[in-house]
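Examination of the molecular architecture
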Amino acid sequence: MKKVLITGATGLLGSHLISHASPDVEVFATVHEYKTVPKLPNIQYVDLDVTDRAMVKKVLQDIRPEIVIHTAAHGRVDYCENHPDEAKKTNLESTKYIVEELNKWDGTIFFCSTNMVFDGEQPPYREENKTTGKTVYAQTKIASESYIQKHAKHFVIFRLMTMYGWNWQPERKNMISMSIEKLTAKQELWMTNDVFNNMLYVEETAKYFWKTVDNLASLDRQICHLAGAECLNRYQTVEELCSVFKFDPALLHEVSSDYFKGQEVPRSPNTCFNTAKAEKILSFRPLTIREGLTR
């Protein structure tokens, strides 16, 4: 059986990867400082602090996985901006440690990058477009991509659009699950009309990661974009949420990014992806936001 190790198993993508894992794959899932994890019979949990080089070396050498799906990261843009050293250690240095070990037995890293690597001025973005993201978070991902391409023997860099879906409960919420919580409680929401994404349903992401595991040669040493079908602003996205979940649309208010000025790091205005490569190689079919929300 192929051995796959997943870092960050309690995160949004990590938890969906383990819940959709094939029974034909031996899955090891890493957690750190968590008391509760999804209890699944085919998952073996391993404690791992990805910032601890010696710990990464021991865990990977004990398991010797053919593939490491590296989802563990500091993904909160504002947190990274205020804690740059911690962001670099978690997002970049951990990636270096994993690559160093995998190279010893020709293993493959699946690296989870982000739409934030682009400045949002010239969408839609293809894989070959120049990465010019300015935030600390973006810079850690750009540096990781560069390191992997220079040093990893085998890799797939998945640039993932902003994802949504049900999160494992102790984990931080995403834009959609946060909105559901607030709208259920009849709280008002202010959403921007000038930040555009083609948001990605997390279950679809997990599905195509596992598809790539089964056919590594199709994307070896390549970058691949995954995203949804529609380039919508955040207000339009939550409008669709209200429609599908039957929430009161009067609770939703449309604002520009200036409304949050000084409260958060400015977001790139439009980082929508072109997904033609994934559609061709993986037979990826981007979902509309309504399709994803309905699922």
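What comes next concerns the included structure. A quick note: this is a predicted structure, and the numbers were derived from the prediction, not measured.

A word on the layout of surface pockets
- Computed from the structure, the second largest pocket encloses a volume of approximately 170 Å³.
- Every residue along the wall of the second largest pocket is listed here: Thr192, Val195, Arg234, Ser257, Asp258, Phe260, Lys261, Gly262, Glu264, Val265, Pro266 and Arg267.

Notes on helix α6 (residues 175-184)
- When we look at burial in α6, the residues that qualify are Met175, Ile176, Ser177, Ser179, Ile180 and Leu183.
- Summarising the contacts, the buried residues of α6 are in contact with β7 (163-164), β8 (189-192), α8 (234-245) and α10 (289-294).
- Looking at the residues trailing α6, positive phi occurs at Lys186, about 60 degrees.

Let's talk about the state of the cysteines
- Counted according to the given criterion, the structure contains 1 disulfide.
- For Cys231, the disulfide goes to Cys272, at an S-S distance of 2.0 Å. Of note, the bridge from Cys231 to Cys272 carries an S-S torsion of about 90 degrees and is right-handed in sense. Placement of Cys231 in the loop between β11 (222-226) and β12 (232-233) and of Cys272 in the loop between β13 (252-255) and α9 (276-281) is noted, with a sequence separation of 41 residues between them.
- The class of Cys272 is buried, set by a relative accessible area of 3%.
- Between Cys112, a free cysteine, and Cys224, which holds the nearest cysteine sulfur, the sulfur-to-sulfur gap is 12 Å.
- Since its relative accessible area comes to 1%, Cys224 is described here as buried.

Looking at the pattern of salt bridges
- Evaluation of the coordinates by the stated rule reveals 11 salt bridges.
- Its salt-bridge partner being Arg285, residue Glu291 comes within 3.4 Å of it at the nearest N-O pair.

Concerning the packing of aromatic side chains
- If you walk through the whole model with that rule in mind, you get 10 aromatic pairs.
- Ring centres of Trp190 and Tyr259 lie 6.2 Å apart, and the angle between their planes is 10 degrees; on these two criteria the pair is classed as stacked. A residue pair is termed long-range when its members are at least 10 positions apart, and Trp190 in strand β8 and Tyr259 in the loop between β13 and α9 qualify at 69 residues.
- Residue Tyr259 is classed as partly exposed on the basis of its relative accessible area of 41%.
- With a centroid separation of 5.9 Å and an interplanar angle of 5 degrees, the aromatic rings of Phe245 and Phe247 are classed as stacked.
- With a relative accessible area of 30%, Phe245 lands in the partly exposed category.
- By relative accessible area, which is 14% here, Phe247 ends up buried.
- Site record: aromatic cluster; members linked through ring pairs are Phe110, Phe158 and Phe209.

Considerations on the sheet that holds strand β4 (residues 67-70)
- With respect to topology, 7 strands assemble into an open sheet ordered β3-β2-β1-β4-β5-β6-β11, the strand pairing being parallel. This sheet does not close on itself; its edge strands, each paired only once, are β3 (43-47) and β11. Across the sheet, the mean angle from the axis of one strand to that of its neighbour is 20 degrees, orientation sign disregarded.
- Where helix α4 (residues 84-102) meets the sheet, it contacts β1 (2-7), β4 and β5 (108-114), and its direction lies at approximately 165 degrees from that of β5.
- Sheet contacts for helix α5 (residues 136-151): β5, β6 (154-160) and β11; angle to β5, the most-contacted strand, approximately 150 degrees.

Cut-offs used in this document
Residues numbered from 1 in each chain as written. Predicted model: local features only at pLDDT ≥ 70, side-chain atom pairs only at ≥ 80, totals over all residues. Heavy atoms only, no water. 1 Å grid on protein atoms, 1.4 Å probe; cavity = no way out; pocket = protein on both sides within 12 Å on 5 of 7 lines; lining within 4 Å. Points joined across faces, edges and corners; volume = space filled by probe spheres on them. Buried < 20%, exposed > 50% of the residue type's maximum accessible area, 1.4 Å probe, protein only. Helix = DSSP H or I, 4+ residues; strand = E, 2+ residues; numbered from the N terminus. Contact = heavy atoms within 4.5 Å. Disulfide = S-S within 2.5 Å. Salt bridge = Lys/Arg side-chain N within 4 Å of Asp/Glu carboxyl O. Phe/Tyr/Trp six-rings, centres within 6.5 Å; stacked < 30°, edge-to-face > 60°. Pairing = 2+ DSSP bridges. Axes fitted to C-alpha atoms, helices over the stretch in contact; angles between N-to-C directions.

On their own, these measurements won't tell you what the molecule is for.
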